[in-house]
Amino acid sequence: MADTAAPGDGQKQSRRWWKIVLGAIVALLAIMVLGVVLFASFSVRRAFPDVDGEVAIDGLDAGVEIVRDDMGIAHIYADNPHDLFVAQGFVHAQERFWQMDVWRHIGAGRLSEMFGETQVETDAFLKTMGWQHVAEDQYSAADPRDQAVLEAYADGVNAYLGSRSPSELSFEYTVLELLNHSYDPEPWTPVDTLTWGIAMAWDLRGNMDVEIERAMLLGTLPADQVAQLRPPYPGDVNPYIVPANELVTNGAPSASIHAIPGVRTALASIEDKLDLIAAIGVPGAETGIGSNSWVISGSRTDTGMPILANDPHLSIQMPSIWYQNGLHCMTVSEGCPYDVVGFSFSGVPGVIIGHNANIAWGVTNLGPDVQDLYVEKVNPENPNQYEVNGQWMDMDVHDETINVAGGDAVTIQVRSTRHGPIISGSYGSLDDFSDSGIETPEPYVIALRWTALDENPGVVPAVLGLNSATDWDDFRDAVQLWAVPSQNFVYADVDGNIGYQSPGAIPIRANGDGTLPVPGWTDEYEWTGYIPFDELPRSFNPESGYIVTANNAVVDDSYPHWITYDWGYGYRARRIVDLVGSNARVGLEQVGSIQFDSYDLSAERIVPYLAALDSPINAVLASWDFGNQIESSGAAAYNAVWSRMLEFTFRDDLPEDYWPDGGSRWFYVVGQMLENPNDRFWDDATTPDVEDRDAILQQSLDAAYADLKGWFGDNPDDWHWGEMHVSTFRNQTLGESGIGIIEDRFNRGPFETAGGGSLVNSTAWQATESFETFWLPSMRMIIDLGDLTRSLTTNTTGQSGHTDHPHYDDMIPLWLAGEYSPMNWTRAQVDAATESVQTLTP
């Protein structure tokens, strides 16, 4: 009798087979995932540079030693300047070539060659600006010594590029290969270096964004309310950097160009283009530019010698914008004058901020008004002509080609007037401007006048001069060459002197103050020259014993030249001056604590008004010390209220593009409004009622309390500022891809973070977005002129630009904690901390 299967046996057997098959599939997938992980790990690690042993490269005159310390900071020792800068180019390429490559494509308007058609619009604007052409002119006009340095640096970069395939240069190229099979990095050129210098000048450009905002708001609000939102610098409460004697006042714009509806449309189109630049990761392209630097004379320090501190504030990114290194001539002489350590930009030779054996210097953004928007009348019969003093003039017109990865090349037409490139992108009639009483122009365009597009030497000559300067006079000779971007330079030397100099090309205007777009069809608003260098503000060994710069106003209204109306509002400077001035003797530890200070001066002003109202939050604020530490419940409560205050007070009155994002201006604006409980801005225009100050403050308290309960619960002990305020360091290209597995590979964070906007520890957040850090101290540096070996630094991320490298993110814990590592200076210090030694030979 044949065997028969019991009912269900077939189904059980089938299920068993499916389990086997599924198990095999899972195992196969696991093997595949493991393979992908191992391949990715291999791909990542093969991009790590070899930093030990001997490497022969073309172009050297003698051997060069590269010693990296335990933080990965490279110290380069050479017999001559040529070899020194060849080696610096080689080291930058080893650690940061992807960063360099992306930066040069930004500066040249060539992002589409890497990332495809999504970047065509961005490239079109960048090519319209013409930065690469300006850089080409700078190189052609450069001193032979500066050309030789740029060429040596490029030779070093290319020596490294020639030794590796793209995937061996950086893991990003392996990922890019999936999107762009044909991309191969070109050799580096001196123009690439200079182009990026102009891109950085754009980052620190001045007040063009504010000029556009002011003009746009004048089409929405009465002039007095627009002025209320951009008040003058509060010099009665916050400090100036340098006092001046007298002021020559320029006239205000007489034509209300801002009120013309068509012009407002064109300005909006410019804003869209500025947003594109911010989106591609130009460092610091967002608003809120700020930095701290100060120098304290020996009369106020515990060593009797100066201490200099600097922490430039830029957008958060991965890796850091800064690369720390030392450049050391084996024998310092007139022929080889460099013995300097500090912070460099990858792609640029020399040390931007740091010290040598004799002097130290720090930098913050001066923020002068070096950009003007001109409304140009266009010939209705010929769109390539514009009016000048009643005559039609031909525009400069040429074509630019944008090569697009995976697509066809795009040709654009670039037009310029005597003022500069036309950046509005549109022009049209103004038929709807019938009630203005102002003669409306015919079709028009908007052109940009900017000092960086005028003839200037770039930053390299100034950097080389600073690196080899031996005293105050040498220092001033060097910064005199620093045309753009204009900066605040603080100075100290080993002889005990301290000083300040503001350099840069700052225009003198025939009329106007640069706060609004002006007519371009007459000479009435032309630039007549630049402020002479010897008339720019400076200070040397002031009686106060300190100099503080924190983007506050440099001079008061007695200064005889116009620099800008749009200063930062001085809260960080006020706090630093208070702390420095309150200590009879300041040491490195105190200076470090000042750099990490998170005291909120705005809260001193606002909290008493909140305390008069009824809210559970007030119990928390009553015991708060106004510090924004990670664990602070008071900081969590206050910042939640502050964000809601800005929302409820201004969003009903302002276009969305101009909603308050927080910061020192809004500290001051709201502080002034508190004195007037019936200010028009307090009223909520979306309701039939007329709200006053206390109604909006109460609404803000109630909403913030609901927010905090929703996030943390109703126990204030569980409210922690650090859980709201986090920092995520993102790769500015692939780290913003929207693909989680790729972003996780390159980005680091989120990390709980102390500080806040317009505090000394300026880890700024945007009230229009979230409490996440978008702006931060991009490095911190403290230099002891009494003993340079005691100097301290920290970077935000790490030296390496290679994801998963030990030095990719090893500085983040130090930066978060407000701690430092030694700024190794002497050869003995470097040798004691040595991690690797590499020798380059001819």
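Residues numbered from 1 in each chain as written. Predicted model: local features only at pLDDT ≥ 70, side-chain atom pairs only at ≥ 80, totals over all residues. Heavy atoms only, no water.

1. Section: the overall build of the protein chain
Thought 1: Each helix and strand in the protein chain was counted, giving 25 helices and 31 strands.
Thought 2: Counting every position in the protein chain, which comprises 842 residues, the buried fraction comes to 60%.
Thought 3: Sequence-distant contacts, at least 24 apart, represent 73% of the contacts inside the protein chain between residues at least 6 apart.
Thought 4: Per element, the accessible surface of the protein chain, about 31800 Å² overall, is 50% carbon and sulfur. (Helix = DSSP H or I, 4+ residues; strand = E, 2+ residues; numbered from the N terminus. Buried < 20%, exposed > 50% of the residue type's maximum accessible area, 1.4 Å probe, protein only. Contact = heavy atoms within 4.5 Å. Areas by Shrake-Rupley, 256 points an atom, 1.4 Å probe, with all protein chains shown as cover.)

2. Notes on the environment of Gly-755
Thought 1: Here Gly-755 is to be found in the loop between β25 (748-752) and β26 (764-766).
Thought 2: Judged by its relative accessible area of 0%, Gly-755 falls in the buried class.
Thought 3: Through-space distance from the C-alpha of Gly-755 to that of Thr-773 is 9.4 Å; in sequence the pair is 18 residues apart.
Thought 4: The residues touching Gly-755, leaving out its near neighbours within four places in the chain, are Ser-598, Asn-628, Trp-721, His-725, Asn-761 and Thr-763.

3. Section: the environment of Thr-794
Thought 1: Within the secondary structure, Thr-794 sits in strand β29 (residues 792-795).
Thought 2: Distance from Thr-794 to Leu-814, taken between C-alpha atoms, is 6.9 Å for residues 20 residues apart in sequence.
Thought 3: Residues within four places of Thr-794 in sequence aside, it is in contact with Phe-343, Met-779, Arg-780, Met-811, Leu-814, Trp-815, Glu-819 and Tyr-820.

4. A look at the side chain of Thr-364
Thought 1: Take Thr-364: it is sitting in strand β9 (residues 359-365).
Thought 2: Relative accessible area serves as the criterion here: at 0%, Thr-364 is assigned to the buried category.
Thought 3: Side-chain polar atoms of Thr-364 contact the side chain of Thr-549, separated by 2.8 Å.
Thought 4: If sequence neighbours within four positions are ignored, Thr-364 has contacts with Ser-291, Asn-292, Ser-293, Asn-310, Gln-487, Asn-488, Thr-549 and Asn-551. (Polar contact = N/O pair within 3.5 Å; in protein donor to acceptor, adjacent residues only side chain to side chain.)

5. Quick look at the nonpolar core
Considering soluble globular proteins, one finds that nonpolar side chains tend to be buried as a cluster.
Thought 1: Counting residues in each nonpolar core, the largest one holds 200 residues, and the members touching the most others are Trp-450, Ile-617, Trp-642 and Phe-650.
Thought 2: Beyond its immediate stretch of four places on either side in the chain, Trp-450 contacts Met-129, Trp-131, Ile-198, Ala-201, Trp-202, Arg-205, Val-370, Gln-371 and Trp-527.
Thought 3: Of all hydrophobic cores here, the second largest spans 19 residues; its members include Trp-294, Ala-550, Ala-573 and Val-760. (Core = buried A, V, L, I, M, F, W, Y, C linked by side-chain atoms within 4.5 Å.)

6. Quick word on the confidence of the model for the protein chain
Thought 1: Looking at the protein chain, the pLDDT average stands at 89 and 88% of residues meet or exceed 70.
Thought 2: The model gives residues 1-38 a pLDDT under 50, and that stretch makes 0 contacts with residues more than four places away or in other chains. (pLDDT = per-residue confidence, 0-100.)

7. Thoughts on the packing of aromatic side chains
Thought 1: In total, this model carries 39 aromatic pairs according to the counting rule given.
Thought 2: With a centroid separation of 6.5 Å and an interplanar angle of 25°, the aromatic rings of Phe-97 and Tyr-173 are classed as stacked. Pair noted here: Phe-97 is in helix α2 (residues 81-108) and Tyr-173 is in helix α8 (residues 171-179), with a separation of 76 residues, a long-range link.
Thought 3: Using a relative accessible area of 1% as the deciding quantity, one classes Phe-97 as buried.
Thought 4: You can call Tyr-173 buried: its relative accessible area is 4%.
Thought 5: Aromatic pair Trp-131 and Trp-202: ring centres 5.8 Å apart, planes at 50°, arrangement tilted. One end of the pair, Trp-131, is in helix α5 (residues 131-141); the other, Trp-202, is in helix α9 (residues 190-203), with 71 residues separating them in the sequence. By the burial criterion, Trp-131 is buried, and Trp-202 matches it.
Thought 6: Each residue in the set Phe-97, Trp-98, Phe-115, Tyr-173, Tyr-183 and Trp-188 is aromatic and connected to the rest through ring pairs, giving one cluster. (Phe/Tyr/Trp six-rings, centres within 6.5 Å; stacked < 30°, edge-to-face > 60°.)

8. Section: the sheet that holds strand β1 (residues 53-56)
Thought 1: Strand order in the open sheet formed by 11 strands is β1-β31-β2-β3-β6-β7-β8-β9-β17-β18-β22, and the pairing between neighbours is mixed. Edge strands, defined here as strands with exactly one partner in the open sheet, are β1 and β22 (538-540). Adjacent strand axes in the sheet meet at a mean angle of 20°, parallel and antiparallel pairs treated alike.
Thought 2: In terms of strand pairing, strand β3 (residues 74-78) meets strand β6 (residues 322-329) through 5 bridges, oriented parallel. Residue pairing in the sheet places Tyr-77 in a bridge with His-328 of β6. (Pairing = 2+ DSSP bridges. Axes fitted to C-alpha atoms, helices over the stretch in contact; angles between N-to-C directions.)

9. Quick look at the pairing of strand β14 (residues 410-417)
Thought 1: Where strand β13 (residues 396-402) meets β14, 7 bridges bridge the pair, whose relative direction is antiparallel. The residue of β14 that forms the bridge with Ile-402 is Val-410.
Thought 2: Of the strand pairs in this sheet, β14 and strand β15 (residues 420-421) are connected by 2 bridges, and their pairing is antiparallel. Across the sheet, the residue bridging to Thr-417 is Gly-420, located in β15.

10. Section: unusual backbone geometry
Thought 1: The omega torsion of the bond from Met-318 to Pro-319 falls at 0°, within 30 degrees of zero and hence cis.
Thought 2: Among the structural elements, Pro-319 can be located in the loop between β5 (307-315) and β6.
Thought 3: Following Val-484, the chain continues to Pro-485 via a peptide bond in cis, the omega torsion being -10°.
Thought 4: The backbone of Asn-389 shows a phi angle near 50°, a positive value even though the residue is not glycine.
Thought 5: Of note, Asn-389 is situated in the loop between β11 (382-388) and β12 (391-394).
Thought 6: Look at Phe-626: it is not a glycine, yet its phi comes out positive at around 70°.
Thought 7: Positionally, Phe-626 belongs in the loop between α18 (617-622) and α19 (633-650).

11. Brief notes about the pattern of salt bridges
Thought 1: Throughout the structure, instances matching the rule amount to 30 salt bridges.
Thought 2: For Arg-110, the salt bridge identified is with Glu-113, shortest N-O distance 2.7 Å. Grouping residues by exposure puts Arg-110 and Glu-113 together as buried.
Thought 3: Between Asp-804 and Arg-748 there is a salt bridge whose closest N-O contact spans 3.2 Å. Of this pair, Asp-804 sits in the loop between β29 and α24 (812-817) while Arg-748 sits in strand β25; the two residues are 56 residues apart in sequence, bridging distant segments of the chain.
Thought 4: Linked through salt bridges whose partners overlap, the residues forming this network are Arg-745, Arg-748, Asp-804 and Asp-809. (Salt bridge = Lys/Arg side-chain N within 4 Å of Asp/Glu carboxyl O.)

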